[in-house]
Amino acid sequence: MPAPAPAGPPAGAQAVRRALDVLHCFHDNGPDPTASDLARRLGLSTSTAHRLARTLLAAGFLEQDARTARYRLGPAVTELGRLSYHQRGLHLAAPELRDLSERTGTTAALALRSGAHAVIVAGGTVTPKAGLRRPLRSTAPGRVLLAWPGDGEPAPPDGESALVRERGHALDDDPCRGVRTLAVPVLDRSDRARFALALWAAPPALSGTRLDRLLPQVRACARALEVLLLPPGERRVPEA
């Protein structure tokens, strides 16, 4: 007698998963999608995508332009984002990031790890067609978060992460945008990178002797952020 096929996820769980997939379609900060766009991205029928979008619309997680029928993120997402921002204490980081930007003539931001991505959660800028997340290995903040993994996150076996740990920072060039990124870890007592502190600037601003002069300032800011963002019991022991 053949073995029974493994049970799939409950119908309710599948609906939740699909609704979350709809919200994830907005990560890239691209043009507002229609139900047909969502269906194409997710491999669903248009009627299913439309039903999911209408459910999220009713709950305030999406809004719809009555003229174009295109969807955008709704007020419920904004509310939860602001609550998370304050619950994590990220509002405390904003003055430090602003001060570092002004002193160094760069753009400063703070990133954390979300699965296989580094996500900008404070500072920085959001530009059209550019979201807040990047694959970990494609950015300096991501490589920092890989080099000092958190609980349950395996250390990469490659030599790149070992080199980042040895240097204490990561550098990345984006020729398309003409910028270089410098990132250092914001560490906890267990030597885990809870955040990555990143600076963006034209390559000459983060090269040679200018980079050597900047690094102590960036690391000092990272230590200040440890105090601001981590509970006392999770902070590193102050250096002598």
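About the cut-offs
Residues numbered from 1 in each chain as written. Predicted model: local features only at pLDDT ≥ 70, side-chain atom pairs only at ≥ 80, totals over all residues. Heavy atoms only, no water. Helix = DSSP H or I, 4+ residues; strand = E, 2+ residues; numbered from the N terminus. Buried < 20%, exposed > 50% of the residue type's maximum accessible area, 1.4 Å probe, protein only. Areas by Shrake-Rupley, 256 points an atom, 1.4 Å probe, with all protein chains shown as cover. Pairing = 2+ DSSP bridges. Expected span 1.5 Å × (residues − 1). Arc of directions from axis to C-beta. Contact = heavy atoms within 4.5 Å. 1 Å grid on protein atoms, 1.4 Å probe; cavity = no way out; pocket = protein on both sides within 12 Å on 5 of 7 lines; lining within 4 Å. Points joined across faces, edges and corners; volume = space filled by probe spheres on them. Nonpolar A, V, L, I, M, F, W, Y, C, P; charged D, E, K, R; others polar. Core = buried A, V, L, I, M, F, W, Y, C linked by side-chain atoms within 4.5 Å.

(A) The overall build of the protein, seen in detail. A tally of helices and strands in the protein yields eight helices and eight strands. Counting across all 240 residues of the protein, residues that qualify as buried make up 38%. Only carbon and sulfur atoms are counted for the fraction: they give 57% of the accessible area of the protein, which is about 13,500 Å².

(B) Expanded view of helix α2 (residues 35-42). Those residues of α2 lying buried are Ala 35, Asp 37, Leu 38 and Ala 39. Positive phi appears at Gly 43, one or two residues downstream of α2, with a value of about 70 degrees.

(C) Expanded view of the environment of Arg 177. Turning to its location among the elements, Arg 177 is positioned in the loop between β6 (170-174) and β7 (179-187). What makes Arg 177 exposed here is its relative accessible area of 54%. For the pair formed by Arg 177 and Ala 202, sequence separation is 25 residues and the distance between their alpha carbons is 9.1 Å.

(D) Spatial organisation of the pairing of β6. As judged from the five bridges shared by β6 and β7, these two strands associate in the antiparallel manner. Across the sheet, the residue bridging to Ala 170 is Ala 183, located in β7. Joining the antiparallel neighbours β6 and β7 is a turn of four residues, in which Gly 178 adopts a positive phi near 70 degrees.

(E) Region of interest: helix α5 (residues 90-104). Taking 1.5 Å per residue as the helical rise, α5 with its 15 residues ought to reach 21 Å, and the 21 Å between its terminal C-alpha atoms agrees with that figure. Within the sequence span of α5, burial applies to Leu 90, Ala 93, Leu 97, Leu 100, Ser 101 and Thr 104. Buried residues of α5, viewed axially, fall in a sector of 100 degrees; they line one side. Those residues of α5 that are buried lie in contact with α4 (75-87), β3 (107-114), β4 (117-123), β8 (193-201) and α8 (208-229). Positioned one or two residues after α5, Gly 105 has a phi angle of 70 degrees, which is positive.

(F) Expanded view of the layout of surface pockets. What the largest pocket holds in volume is close to 1,400 Å³. Lining the largest pocket are 41 residues; nearest its centre among them are Leu 73, Val 77, Gly 81, Val 119 and Leu 132. Among the secondary structure elements, those contributing two or more residues to the lining of the largest pocket are α1 (11-24), β2 (71-73), α4, β3 and β4. It is α4 that contributes the most residues to the lining of the largest pocket, eight residues altogether. A class-by-class count of the residues in the lining of the largest pocket yields 20 nonpolar, 13 polar and eight charged.

(G) A look at the nonpolar core. Counting 25 residues, the largest nonpolar core has Leu 110, Leu 197 and Leu 225 as its most contacted members. For this core, the elements supplying multiple residues, two or more each, are α5, β3, β7, β8 and α8. When residues in this core are grouped by element, the largest group, eight residues, is from α8. If near-sequence neighbours (up to four positions away) are discounted, Leu 225 is found in contact with Ala 93, Glu 96, Leu 97, Leu 110, Val 186, Leu 197 and Leu 230. Membership of the second largest hydrophobic core comes to 20 residues, among which are Ala 118, Ala 147, Val 164 and Val 179.

(H) Representation of the pairing of β4. As judged from the six bridges shared by β3 and β4, these two strands associate in the antiparallel manner. When the bridges of β4 are listed, Leu 110 appears paired with Ala 122. Here β3 hands over to β4 after two residues, with Gly 115 in that stretch at a positive phi of 65 degrees. In this sheet, strand β5 (residues 133-135) lies alongside β4 in antiparallel orientation, the contact comprising three bridges. Bridge pairing links Ala 118 to Arg 134 in β5.

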